[in-house]
Every structure is written in structure tokens, then in C-alpha cells.
Amino acid sequence: MRYVVRNDVRDPEEDCIGARSSRAQLIDLHNNNKTGIQSCHNGRCWHFTAGLDFVCLFLSQLCLSVAIMNVTLAVKQYISKMIENSGPGMKVLLMDKETTSIVSVVYTQSEILQKEVYLFERIDSQSRDSMKHLKAICFLRPTKENVQHLIQELRRPKYSVYFIYFSNVISKSEIKALAEADEQEVVAEVQEFYGDFIAVNPHLFSLNLQGVSRRCTDQVLSGRNRFPGRTWEPSMLSRCTQGLTSVLLALKKCPMIRYQLSSDMAKRLAESVKQIITKEYELFDFRKTEVPPLLLILDRSDDAITPLLNQWTYQAMVHELLGLNNNRIDLSRVPGISKDLREVVLSAENDEFYANNLYLNFGEIGTNIKNLMEDFQKKKPKDQQKLESISDMKAFVDNYPQFKKMSGTVSKHVTVVGELSRLVSERQLMEVSEVEQELACQNDHSNAQQSVRRLLQNPRVSELDAVRLVMLYALRYERHSSSILPSLMEELSRKGVSERYRRMVQSVVEYGGKRIRGSDLITPTDAVAITKQFFKGLKGVENVYTQHQPLLHDTLDKLIKGRLKDSQFPYLGASSLRDRPQDIMVFLIGGATYEEALTVYNLNRNTPGVRIVLGGSAIHNTKSFLEEVILATGHSGDRAQGSGRHSTRR
């Protein structure tokens, strides 16, 4: 956080890990103006002091968020501080499209209402009324468009006073333009709060970006891993740099950087982040730790298998089958859905059942819902019934309005689990997933081709599931001497799979095939017998195979044990880390998955002294990943030239 306009300078009440601000430093910058600028208009000066980091005097909890590497808590504390700084009284929260998402995933509207924020508006809205009795808290990304909207706002202010917070670094020229627009002197404070990312889980963040790369037009070959080549969408490189540096500042980390050598995009992002750290060195001047933090930048193309697999833990399964968009699920197409359940929110911050179950397998979740409902049912002496299946549960909830009122949470989860169960049965997902796991984890070509062909001939297997099986086969047996890929493509055609989907098979191989990958994604040896883990829970909700471990698990395991090769994942610069890393930030260009988030969660839980945060340009399910692939390989006519866009994560 850097102070721009400030009427007072407060003394830090206590120091905390990673904090470096003090009243003396603040006064020194104000008095000497070594790194600051002044913008004066009509006798009033806005002083911009570059390089001042978050003063941690206010929030001992914020210091805790740093210690435990919790991105959710970091963003939540930023927002709490914005509201606290504005003082008592009625407030309006002015946001843009992106900061609306940033706020909504960590705070519910009812929580913010309790803090005297009674109105939520978009800065670009043309229909806002003048309300001089309200204070305005502005939380905006520092884009040119937002600065222009803010300039217009300050010239004709609709509210009594403005507390302005930018989610990232803002330029001195833009500060000057805002100062000149503040002719009525309504701005009380301008600061940078580095919450420029979506905090999905405490250890998982996203930038909600789709289409971060494009195909190289010149197709220059610069090595075995550069064919035909992908490069950054220019605006996406800038946005990923901003988002990633924001995470580092929010967590108070100035890391050493390693990147995936086989990816030119990873190297460019590493260099771009390093350039910002060097340019804004005062912002990153945190207290040194015994073992420096580490930023590891990876490319999605190194593991195209993980986002193609069906998932069987709650959060991952919901995203795969229903689509999570900023913690919201659209259930409007569910047969017979009630009006109040057409859109539901799943947030671990505000839903205890979800928080306790998001990493459990599907059978366990069904059992837990059953147990919870039976506990409620015991309170009713009459009309007791045995709950045997999801359909029994739904009938029970529908027949007891009082129960629905008592537990909207249970009603919501019964509905969600019921819809997941219906889709699993309708699409034969247990059989499909078994073959997916076989393709991803085993090396039996004869059995694999028979299994894939059998499912392609099953009329109940959906178009998406059929094409994903062929994609997994193509990636797994790309160079097998007896490959039957042409025959499987014909099967897809006979099944009526659209040409668009069929073209995606080649696109996926081009995106993440053997000549692109820098790591050994698929081990060539026949696996020793892999025990199939088959979870049996609630009747009608049986979980299936979970053999697969994403490549990220192997990469992080080697990193933690000091075995990750510098020749494949070099350090940026001359320095290298000789001790076991403790604080690790991982960023996946092209998007992460909830299966990888589960890997990080388990590593954090089972590896004392190591704390890992995972981020990605998006959080993918199969559909969004295939869209990413199409945009990256240029095999779609749907994309405007050079366009990247924000993901809806459907």
C-alpha cells in the first residue's frame, strides 16, 4: 500500500513479520520527497509517496494472513481496512467489473451491509443518482478507463467524500490527472491495496482470464519444444504480470523466480515480474527471511491431461459438471428446480458444510448430507422415513417446508448433489471416468483401444465425454506404432460428434503433445499394478477411480526435496536457492485446475514447514480448457484477431 493523499500519519503500534513501514520513514519521504511527487491545484497538494508498503499497525490479523500464506484472508483484510478507513456513516461501494468479482468471492453482501455499506455501484454506470449523504469507497483496477471514469466522477461528485483504493500500482501521471480533477476537494484518501486477483480458496487464486496465448504467426522453430509455437497476447502478459505482482505484495513476498525452460511464455512472464520488482524495489523491500520465498512459473501445455479428466471431489466435480463462476452455480436448467435455487452460492467462507466437504470424494459427501438430514429428522416424531438415496432426500426436503427454512444450506447441497448424481447416471460418467483413469495412468494399449471404442459406441456417452476420451488416447499414445487414432476419429464422426469438437483433438495434441512438453508427463514403463480406489458411499452416489496425480504433484515434490533440475526449471538471474523452500508461489500460465488445488492442499497439510499458494490465469474445467486450447492454437473462426477475454469459468 502506498500513501497518496493522507491527512494523518499514524504510529505503528507493533511490528510484524514482513512489515517495514514506520512513522519515521513516512515523515522522511514527506520531508525529503526523494521518491515522491506533488500535484498541486488551486492551492491544494496531493502528495504521492512511492514505495510505501502496507503499514501493519492496524491489523494483527493481516500479519497472520502473511504468516499462513492465505490469499483469501489477505483480500478480505484489504476490504475491511477500506471500510474502516472511511469511518462511521452510510457508504456506497464503487467498483468496476473485475473488482466486483474480487470482492464478491470473499464477502457476502449481507456481511458488508453490517459495516454500513448500503449501496453497491459500478463506476461505469450512467444511471447513478446524486446522494450527498453517502461516503464513497472506490475500489478500482488502475486502468485508463477507470481513471477516466474517476476523473469525470470527481468533476461532478455524486457523494460527499471519496476514499479511493486502487488494486495495483498507479502511475504518477494518472495521480496528477486525478488531483487536477478534484476541484471540489472531495477526495479524502487515495491508496494502493494490492488485491488484484480472485481469491478462490485460501491457497488458490485466479485472474479469470481466457485466451492468454496465441499461435506464433511466423512459426519460427527455436528448439524441439517450440513447434509450431505459442506467444503471449500482449494485453494478457501485462494483466498476468499485474495480478502476480499483486499476489506477491499482498503476501509480502519478494521471491526468487524459477520458470519452465521449455516455455517461452513462462520465461517472458518471469522476466516481466522481475522487471516490476526491480522498478518498484521499495514496495518489495520486505524483511529478509532465512530462506527466501520462491515463485515457480509453469505452462499449462506441459500437462494437458489433468484438465481433461472427470473429477470426483466436491468442489472440482461441481466445476466440471455445473460450472463455478465466482462461487456461483447456475442451476436454472435443472429439471423441476425451484425459483429460489436457480442460482446458488458455494463459498467456504460462509458455508460450513461446503468448507468441510469441498475436498472429500463424492460418496463421502452424500453420506455426510444423509447424516446431517437424519439428525434433523430425529427431531420430528412423526412420518419418519429411511433416507436411502438422493431422490429420497429431495422428496424429504420438498415435503418439509419447515425443514427447508431451518436449513437452506442443506437444501442447497441436496439439490447440487442430486443434480450431480443425475448427470453421473445420465452420462455414464463412472464408466467414462474408469477409462479416463486407465488412459492417464496405465500403459496397456490393447485394453485402452478396446475400452475407448466400446464407450464411443455407447449412445448414452455424451459428445463432450466421447471427444475427451479420444483426446486422452491421442495424448497418451501419440507415437504408438499401433495407434488407432484415425479409426477413433471415424467413430466420432459416425456418432454424430460435431466437426468443431473433432477438430479439437488435433488442437489438444498441438497444444500439449509430446513435442511441446518439457517434462515427462507420461512414463513409458508399464505401471506396476495400480490399486483402483473405489469409494462406496450413499446408495446411488458411488465414487470412482482416483488414480491420477497431476504433473504438478511430481514437480512440487521434487522442488521440496531439492531434486527439481535447474536445467529444466532454471532460476532467473545468477542466484539460486540451496535450502529447502518454505514459502512457494506457483503460477500456471493457461490456467490451473481444482485437482491441482487439491494437490497443493494436501502438500500443505502433509509437509510441515512448507506453505504453497497456487494460482492460474483461470481455473479450468474441461469446457473452458478446450476453449483456451482453441484460442491458443488458432483453430477457431470464433475468435477475433488478437483478442483475449475474461473467463466465465463455466
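Scope of this entry: the structure provided in the associated data block. Source: prediction; values computed, not measured.

### Re the overall build of the protein
Then step 1. Counting its secondary structure elements, the protein contains 23 helices and 22 strands.
Then step 2. Taking the contacts inside the protein whose residues are at least 6 apart along the sequence as the reference set, 79% of them involve residues at least 24 apart.
Then step 3. For the protein, the exposed surface amounts to about 27,300 Å²; the carbon and sulfur share of it is 47%.

### Let's talk about the pattern of salt bridges
Then step 1. The final tally for this structure, using the stated rule, is 33 salt bridges.
Then step 2. With a shortest N-O distance of 2.7 Å, R300 and E596 are connected by a salt bridge. With R300 in the loop between β15 (294-299) and α10 (314-321) and E596 in helix α22 (residues 594-606), this residue pair connects regions lying 296 residues apart in the sequence.
Then step 3. Owing to a relative accessible area of 1%, E596 belongs among the buried residues under this scheme.
Then step 4. Between E419 and R422 there is a salt bridge, with its nearest N and O atoms 2.7 Å apart. Of this pair, E419 and R422 both sit in helix α15 (residues 408-426), 3 residues apart, roughly one helical turn.
Then step 5. Using a relative accessible area of 7% as the deciding quantity, one classes E419 as buried.
Then step 6. A relative accessible area of 31% means that R422 is categorised as partly exposed.
Then step 7. Taken together, the shared-partner salt bridges in this structure form one network comprising E320, R427, E436, D465 and R468.

### A look at the packing of aromatic side chains
Each aromatic ring pair is characterised by the separation of its centres together with the angle its planes make.
Then step 1. Counted under the stated rule, the structure contains 10 aromatic pairs.
Then step 2. Ring geometry for F284 and F286: centres 6.4 Å apart, planes at 70°, overall edge-to-face.
Then step 3. Seen from the ring of Y107, K76 lies directly overhead, with NZ or CZ sitting 5.1 Å from the centre.
Then step 4. Above the face of the Y477 ring, R476 is positioned so that its terminal group lies 5.1 Å from the ring centre.

### Side note on the sheet that holds β15
Then step 1. One open sheet holds the 6 strands; their spatial order is β9-β10-β20-β18-β15-β14, and the pairing between them is mixed. Unpaired on one side and paired on the other, β9 (198-201) and β14 (256-259) mark the two borders of the sheet. Taken over all neighbouring pairs, the strand axes of this sheet differ in orientation by 25° on average, direction set aside.
Then step 2. Across 3 bridges, β9 lies against strand β10 (residues 204-206) in antiparallel orientation. From the neighbouring strand, A199 faces β10, where its bridge partner is F205.

### Quick look at a nonpolar patch on the surface
Then step 1. A surface patch of nonpolar side chains, amounting to about 270 Å² of accessible area, comprises M90, L113 and Y118.
Then step 2. The residue M90 is located in the loop between α3 (71-85) and β4 (91-95) in this model.
Then step 3. Look at M90 and you get partly exposed, because its relative accessible area is 40%.

### Considerations on the side chain of D196
Then step 1. Mapped onto the secondary structure, D196 falls in the loop between β8 (187-192) and β9.
Then step 2. You can call D196 buried: its relative accessible area is 0%.
Then step 3. A polar side-chain atom of D196 sits 2.9 Å from a polar atom in the side chain of N168.
Then step 4. With residues up to four places along the chain from it excluded, the contact list for D196 reads I102, R141, S167, N168, L207, R239, Q242, G243 and S246.

### Section: the pairing of β4
Then step 1. Among the 5 residues of β4, 5 are classified as buried, and the element is accordingly described as predominantly covered.
Then step 2. Going residue by residue along β4, you find K91, L93 and M95 tucked away on one face and V92 and L94 tucked away on the opposite face as well.
Then step 3. Pairing between β4 and strand β6 (residues 135-140): 5 bridges, direction parallel. Following the sheet pairing, L93 is matched in β6 by I137.

### Comments concerning the environment of K158
Then step 1. Mapping K158 onto the fold places it in the loop between α6 (144-155) and β7 (161-166).
Then step 2. Along the chain, K158 and L134 lie 24 residues apart, while their C-alpha atoms are 8.7 Å from each other.
Then step 3. When sequence neighbours within four positions are dropped, the list of residues in contact with K158 reads R128, D129, S130, M131, K132 and E153.

### What to know about the pairing of β8
Strand residues, when the strand is regular, have side chains that alternate between the two faces of the sheet.
Then step 1. A large share of β8 lies buried, amounting to 6 of its 6 residues.
Then step 2. Each parallel crossover has a hand, and for β7 linked through helix α7 (residues 172-181) to β8 it is right-handed.

### Side note on unusual backbone geometry
Then step 1. Notably, E185 is not glycine yet its phi reads approximately 50°, a positive angle.
Then step 2. Within the secondary structure, E185 is located in the loop between α7 and β8.
Then step 3. For N327, which is not a glycine, the phi torsion comes out positive at approximately 70°.
Then step 4. Looking at where N327 falls in the secondary structure, it is placed in the loop between α10 and β16 (328-330).

### Re the environment of G366
Then step 1. With respect to the helices and strands, the residue G366 is situated in helix α12 (residues 362-377).
Then step 2. Judged by its relative accessible area of 0%, G366 falls in the buried class.

### Considering helix α16 (residues 429-441)
Then step 1. With 13 residues, α16 should reach 18 Å at 1.5 Å per residue; the first-to-last C-alpha distance of 18 Å fits that figure.
Then step 2. Within the sequence span of α16, burial applies to L429, V432, S433, V435, E436, Q437, E438, L439, A440 and C441.
Then step 3. Among the structural elements, α10, α15, α17 (445-456) and α18 (463-476) are those in contact with the buried residues of α16.

### Description of the environment of I329
Then step 1. Relative to the elements of secondary structure, I329 occurs in strand β16.
Then step 2. With a relative accessible area of 0%, I329 lands in the buried category.
Then step 3. Setting aside residues up to four positions removed in sequence, I329 forms contacts with V318, L322, G323, L324, R342, E343, V344, L346 and V416.

### Regarding helix α9 (residues 264-279)
Then step 1. In a regular helix each residue adds 1.5 Å, so 16 residues correspond to 22 Å; α9 covers 22 Å between its end C-alpha atoms and thus fits that length.
Then step 2. Every buried residue belonging to α9 is among M265, A266, L269, A270, S272, V273 and I277, and all of these are buried. Seen end-on, α9 carries its buried residues on one side only, within an arc spanning 165°. Among the exposed residues of α9, those pointing more than 90 degrees away from its buried face are Q275, T278 and K279.
Then step 3. The elements touched by buried residues of α9 are β12 (213-215), β13 (230-232), α8 (234-250), β14, β15 and β18 (583-589).

Scoring rules and cut-offs
- Residues numbered from 1 in each chain as written.
- Predicted model: local features only at pLDDT ≥ 70, side-chain atom pairs only at ≥ 80, totals over all residues.
- Heavy atoms only, no water.
- Helix = DSSP H or I, 4+ residues; strand = E, 2+ residues; numbered from the N terminus.
- Contact = heavy atoms within 4.5 Å.
- Areas by Shrake-Rupley, 256 points an atom, 1.4 Å probe, with all protein chains shown as cover.
- Salt bridge = Lys/Arg side-chain N within 4 Å of Asp/Glu carboxyl O.
- Buried < 20%, exposed > 50% of the residue type's maximum accessible area, 1.4 Å probe, protein only.
- Phe/Tyr/Trp six-rings, centres within 6.5 Å; stacked < 30°, edge-to-face > 60°.
- Lys NZ or Arg CZ within 6 Å of the ring centre and 35° of its normal.
- Pairing = 2+ DSSP bridges.
- Axes fitted to C-alpha atoms, helices over the stretch in contact; angles between N-to-C directions.
- Patch = residues over 30% accessible without salt bridge, like charges linked within 9 Å, V, L, I, M, F, W, Y side chains within 5 Å.
- Polar contact = N/O pair within 3.5 Å; in protein donor to acceptor, adjacent residues only side chain to side chain.
- Right-handed = clockwise from strand over helix to strand, strands pointing away.
- Expected span 1.5 Å × (residues − 1).
- Arc of directions from axis to C-beta.

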